[in-house]
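Chain residues, written in single-letter form:
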Amino acid sequence: MTQDASSRTEAQRIELAIGGMTCAACANRVEKKLNKLEGVTASVNYATEKAWISVAEPSTADDPDRQQFLDTLISTVEKTGYTAELPPDVASDDDAAGSPAARDLKILRTRLIIAGILTAPVVLWAMVPATQFDYWTWVSLALSLPVVLWAGWPFHRAAALNARHATATMDTLISLGTLAALGWSLYALLLGHAGDPAMRHEFSLFDEPYWLSGHSMGAANVYFEVATAVTTFLLLGRYFEKRSKASAGAALRSLLNMGAKDVAVLKEGREIRLPIKELSVDDQFVVRPGEKIATDGTVVSGASAVDMSMLTGESVPVEVAQGDPVVGATINTSGRLVVRASRIGADTQLAQMAQLVEQAQSGKAEVQRLADRISGIFVPIVLLITAVTLVLWLILGAPAEAAFTAAVAVLIIACPCALGLATPTALLVGTGRGAQQGILIKGPEVLESSRGLDTVVLDKTGTVTTGAMQVTSLLSARQWGGENEGSRLSRAKTSAGAESSEAIEESERSDSQLLRLAGGLESASEHPVARAITNAARESLGSTQGTLPPPSQFRNHEGRGVSGIVEGHQVLIGRRHLMGAHGVVLPEQVNGLISRAESRGSTAVLVAVDGEFSGVITVADTVKQTSAEAVAQLKALGMEPVLLTGDNQGAAQRVADEVGIQQVIAEALPEDKVQAVKELQAAGRTVAMVGDGVNDAAALAQAELGIAMGTGTDVAIDAADITVIRGDLRSVADAVRLSRKTLRTIRQNLFWAFLYNTAAIPLAAAGLLNPMLAGAAMVLSSLSVVANSLRLRRFG
């Protein structure tokens, strides 16, 4: 995150975007070089392609030495063989198209497209003799050179860097294999018989060994198709890996962009609209209904209900009045507020939440591709076998041509074409099938995270519950002594034996009339509780939007309720103090009913008609119908569910009991949610976090696997590893199953890829195989990988 000098001084922390890394070993090299600088502690993350540098001395990060210090850091990284620069400001409106990751992705896409176009005819001519024509080998050379040398440059560059540091990775094998195939083809073309105009490539897999045939081996064979196909397939895999990391800063940009862009500041009694950057601490600003609160502050005048769901995740608005604190980026739903700014810029709660997300992302373990891990053993062995093959053949007295042919056969037969396809093909098919079912998986590292999960942390609002306010009960004054908690709107008539049918009908008419009047009055308000009552009234009456009685003389009593005239009746809806202010006498049981409702996370509003208490309407967030089934499915996958919410303990426990969850963590702020995940991890748990709100973003990033509900905020979706498009919690269980199955498929692909390649290495070293077999083996191994990956299309 690009910061000003002062913020860097406070944090003593600098962030750099690192370019050119191809594996976790690259990140380790950069980290070691930076840590050798005096007073510097660095952490480099391959997955996010960033370096975080902590400075021991505050003065080191201050101007005028700051730029010199930054130049030293960047120079150190560049000397290691990579690029470094300050990343773009995540708070800007820029789409980060100019970021290093975006530039690298664009260049890689260009390389892939050109390589694919040039490779197709080369492979066709080599593998289908009927398509060969005079001088086809020379045309193949012209098409192959840019593919191997230009498009494949990232592999050669990485191999050279590895050689400088006396290490070898899969890039080393790719580079050596493709260059060896190209080099031998040039030899055969220029000094052998492959350049003859009428030469035709016959498809022969086996050669007689030198000691049996005595003839020269391979002088008429070219392997341009091997060099080009390997390069193109591996570029394809690298492209999909790079694309999954291109939006590393999207969560932070989305989070900070949630704030207001301008603000109406009060200057000498007049409102002046200014950009948010010009707002200062202690400035007073106006927030009208429907507007975002510009920054953290304290209410100076006015009263309203503030939608804080982006911060707390809870759908019930918070009533605020003079002296109450408010948070930037939350939404004023009703009355006009005048707020005095207390914190601005990086000090706001929104900015601190962004920092939480960033820290959680940077703290994730570095992800190393499965192929890279295997190559740590495989590549050195292949290089050793290649060298031994060449030396032994020369010692046995074979011509240099025969010795080199056998050595090239070993390199080519081991070159990991299918290995490069193993992850991207399974990932493409798996993610494609997931997308059909509303499951979006971001990258291969996500699949590894799903393997050992034993705990799933579920946010309550919007995840387990609907996240929308609904009327859950209604109690009219006529039944005040008959029921303790009020009658459900869908109440079954189980008490018919104790009441006459006339009494029941009269009771229901009373409920219906009360809801009709309340819905008519609340239809003039945009408050979430008002919308819930209005929707319930329309549903109960079977009416269309225009049939509710319209209110007149409507008045909004800020922070307390509303009043007006509906069908000639004076209707009052709101809290206890609003009733008291209008002289409405409340029954003794009201206080207990309200307390019990609030303990369960519900909101109880009182209704008075023509100055007399008429009833209580309870509004609450309700559990999704599929949540209990989803929890059972997660348990069947070996994961223990934990309910994590910012709501009170009573409301959380009610929801947990309803869906079958034993462990509950309630009243958790965003930082508490991160801490809860960390504590579970410290206890040895492997944690998946499921959420949908901005307040869940940092916890989603902290968990081994973050799963966002697609019905939630963009910030949560960006911070998560998996997004389930539907709001159905059962999709979370499907996402875990799909991730695990895709990971198993990748591992199977790796096994078959190595089986095809390594089984032929001894034969190639013995000179029993024509290097042309390398092309056939790669085709067969690639086909097996693709066929195995396609089985994921049947997931369901």
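Nothing here was measured: the structure is a model prediction, and the numbers come from that model.

A word on the UniProt feature "transmembrane region" (unreviewed entry) in the protein. Here the UniProt-annotated "transmembrane region" (unreviewed entry) positions come out as residues 112-129, 135-153, 173-195, 215-236, 374-396, 402-429, 749-766 and 772-790. Span residues 112-129 is 89% helix and 0% strand, its end C-alpha atoms 26 Å apart. Helix makes up 89% of residues 135-153 and strand 0%. Its end C-alpha atoms lie 27 Å apart.

On to the pattern of salt bridges, then. It is possible for side chains bearing opposite charge to pair when their charged atoms get close. For the structure shown, the criterion picks out 16 salt bridges. The closest approach of N and O atoms between Arg 200 and Asp 134, which form a salt bridge, is 3.1 Å. You can see Arg 200 sitting in the loop between helix H7 (170-190) and helix H8 (210-213) and its partner Asp 134 sitting in the loop between helix H4 (100-127) and helix H5 (136-151), a full 66 residues away along the chain. Asp 134 sits in the partly exposed class, given a relative accessible area of 44%.

This brings us to the packing of aromatic side chains. Inspection of the entire model under this criterion finds two aromatic pairs. Between the aromatic rings of Trp 125 and Phe 133, the centroid separation amounts to 5.2 Å while the plane-to-plane angle is 90°, which identifies the pairing as edge-to-face. Looking at Trp 125, the relative accessible area reads 14%, which means it is buried. Here Phe 133 falls in the partly exposed class, since its relative accessible area comes to 30%. Here the aromatic rings of Trp 184 and Tyr 187 are separated by 4.8 Å at their centres, their planes lie at 40°, and the arrangement is tilted.

Moving on: the nonpolar core. In terms of nonpolar packing, the biggest core is built from 47 residues, with Leu 173, Phe 224, Leu 235 and Val 382 touching the most fellow members. Elements represented by at least two residues in this core include exactly H4, H5, H7, helix H9 (224-245), helix H13 (370-395), helix H14 (400-414) and helix H28 (761-765). Considering every element that reaches this core, the biggest residue donor is H7, with nine residues. Taken domain by domain, the makeup of this core includes at least three residues from each of domain 2 (99-204 + 218-249) and domain 4 (349-437 + 735-795). For Phe 224, the contacting residues outside a window of four places in its chain are Val 122, Thr 137, Ser 140, Leu 141, Ser 144, Leu 182, Ser 185 and Leu 189. Core analysis: the second largest hydrophobic core is formed by 43 residues, Ala 426, Val 659, Ile 746 and Leu 792 among them.

What counts and what doesn't
- The residue numbering used here restarts from 1 in each chain and proceeds along that chain's sequence as written.
- Under the rules for a predicted model, residues below a pLDDT of 70 receive no local features and side-chain atom pairs below 80 are neither given nor counted, while totals for whole chains, interfaces and linings still include all residues.
- Hydrogen atoms and water are omitted, and side-chain values are computed over all heavy atoms in the structure.
- UniProt positions are given in the numbering used here, feature names are shortened, and annotations may be inferred rather than shown by experiment.
- Working definition: helices are DSSP H or I runs of at least four residues, strands are E runs of at least two. Numbering for both runs from the N terminus.
- Throughout this description, the term salt bridge denotes a Lys or Arg side-chain nitrogen within 4 Å of a carboxyl oxygen of Asp or Glu.
- Classification of residues uses two cut-offs on accessible area relative to the type maximum, computed with a 1.4 Å probe and protein chains only: under 20% is buried, over 50% is exposed, and between them is partly exposed.
- Working definition: rings of Phe, Tyr and Trp (its six-membered ring) pair if their centres are within 6.5 Å, and the pair is stacked with planes under 30 degrees apart, edge-to-face with planes over 60 apart, and tilted otherwise.
- Put simply, buried Ala, Val, Leu, Ile, Met, Phe, Trp, Tyr and Cys residues joined by side-chain atoms within 4.5 Å make one nonpolar core.
- These domain boundaries are the output of an automatic or database domain assignment.
- By definition, residues are in contact when any of their heavy atoms lie within 4.5 Å.

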